Amino acid sequence: MSELREELKEKIIEQLNLEDVAVADIADDDSLFGDGLGLDSIDALELIVMLDKDYGIKLSDPKEGRKIFESIGVMADYIAEHRTK
Amino acid sequence: MSTKLHIERYCHIKNSTVSLNGAPLFEIASEDFLTFIKAAYKELDTKYSKFFKMDNLSKLAFLAADVLLKEDTSLSEGEKNIAIVLSNRASSLDTDRKHQASISDPKNYYPSPAVFVYTLPNICIGEISIKHKLFSENSFFIFETFSADLLKVYTESLLKTNKAEKVLCGWVDFDADSYEAFLYLVSSEGTIEHNNNEITRLYRL
């Protein structure tokens, strides 16, 4: 699980172009949106595409993302349970 | 408005150099655009959290605009009635190609929302407006080549009909490895006359 969390941090930094953010800067329970990592609505859509492309998880309702993308820890738990690739 | 119009100041970004009123502000040996624009962003103390999420055209337009607008202390925040009139040749083609590449293979069809949102050239005007809190008139024209005359006529129309107090205008073009920005601020202030000859002369510097 910790490998998946590190992998997610690396992917988020790279795919969302988070300049000057390192893996070590992101705690597993940091909020990804708002006061945490400061992601926005377009980033949320990118994360939905990432779930589909890299883990074979299709979110039928984008509102599901609100809970799933709460933190790296929550995301990793969801992916581990639902991934198809 | 019968006041004579002038070019207050102008900014060029090309050949790995950012210059203001003809004087270099920042230059770097690298010919790679991303290396150059990242270094320029940091060196020029440009503060905008979304800068690195923008496409190349927006980065180029944003930086040139920021060089000009952060110098502007004549209008306080909330009173910045500065219209934006930009133009280029390649529209948003650089980003359009990236989007096309992401949807060309039906078996690997994963369009990026972050790329897609920049598949219009005027999005860069939105980025500039957000940073500088502008709620003004704006337009983005696609020309075959730089047109001093059209920019001048449109800018004068905005100012003479009191649609704006100043106009940020010019040329910002990005296509493949080629990039060029020439933005200038037009108002009643300044010493350079706002006419076709001067606009063309400054563009060619």
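Residues numbered from 1 in each chain as written. Chains lettered and ligands numbered in written order. Predicted model: local features only at pLDDT ≥ 70, side-chain atom pairs only at ≥ 80, totals over all residues. Heavy atoms only, no water.

## A short note on the overall build of chain A
Then, in step 1: The helix and strand inventory of chain A stands at four helices and zero strands.
Then, in step 2: For 85 residues, the compact-globule estimate of 2.2 N^0.38 gives 12 Å, and chain A sits close to it at 12 Å.
Then, in step 3: Taking the principal axes of its C-alpha atoms as reference, chain A extends roughly 30 × 25 × 20 Å.
Then, in step 4: Excluding contacts between residues fewer than 6 apart, the proportion of contacts in chain A whose partners are at least 24 apart in sequence is 57%.
Then, in step 5: Per element, the accessible surface of chain A, about 4,800 Å² overall, is 46% carbon and sulfur.
Then, in step 6: Where the 10 positive side-chain charges of chain A centre and where its 22 negative ones centre are 8 Å apart. (Helix = DSSP H or I, 4+ residues; strand = E, 2+ residues; numbered from the N terminus. Rg over C-alpha atoms; globule rule 2.2 N^0.38 Å. Contact = heavy atoms within 4.5 Å. Areas by Shrake-Rupley, 256 points an atom, 1.4 Å probe, with all protein chains shown as cover. Lys, Arg positive; Asp, Glu negative; His and termini not counted. Charge placed at Lys NZ, Arg CZ, Asp CG, Glu CD.)

## Notes on the interface of chain B and chain A
Then, in step 1: Contact residues are listed per partner, giving twelve residues for chain B and 15 residues for chain A.
Then, in step 2: With both sides pooled, the region where chain B packs onto chain A buries about 1,100 Å², and carbon together with sulfur makes up 55% of that total.
Then, in step 3: Its largest share of buried area at the contact with chain A, chain B owes to B:K53, B:Y110 and B:P113, together 52% of the area lost on that side.
Then, in step 4: Residue B:K42 pairs with A:E19 through a salt bridge whose shortest N-O separation is 3.7 Å.
Then, in step 5: There are seven residue pairs in polar contact (both at pLDDT 80 or more) connecting chain B and chain A.
Then, in step 6: Sorting the residues of the side of chain B that touches chain A by element identifies α1 (33-43) and α4 (113-116) of chain B as the ones contributing at least two each.
Then, in step 7: The element contributing the most residues to the side of chain B that touches chain A is α4(B), with three residues. (Buried area = accessible area lost by both parts, 1.4 Å probe. Salt bridge = Lys/Arg side-chain N within 4 Å of Asp/Glu carboxyl O. Polar contact = N/O pair within 3.5 Å; in protein donor to acceptor, adjacent residues only side chain to side chain.)

## Side note on the confidence of the model for chain A
Then, in step 1: When pLDDT is averaged across chain A, the result is 91; 100% of the residues are at 70 or more.
Then, in step 2: Predicted confidence in chain A is weakest over helix α3 (residues 64-68) of chain A, with a mean pLDDT of 86, and strongest over helix α4 (residues 72-82) of chain A, with 95. (pLDDT = per-residue confidence, 0-100.)

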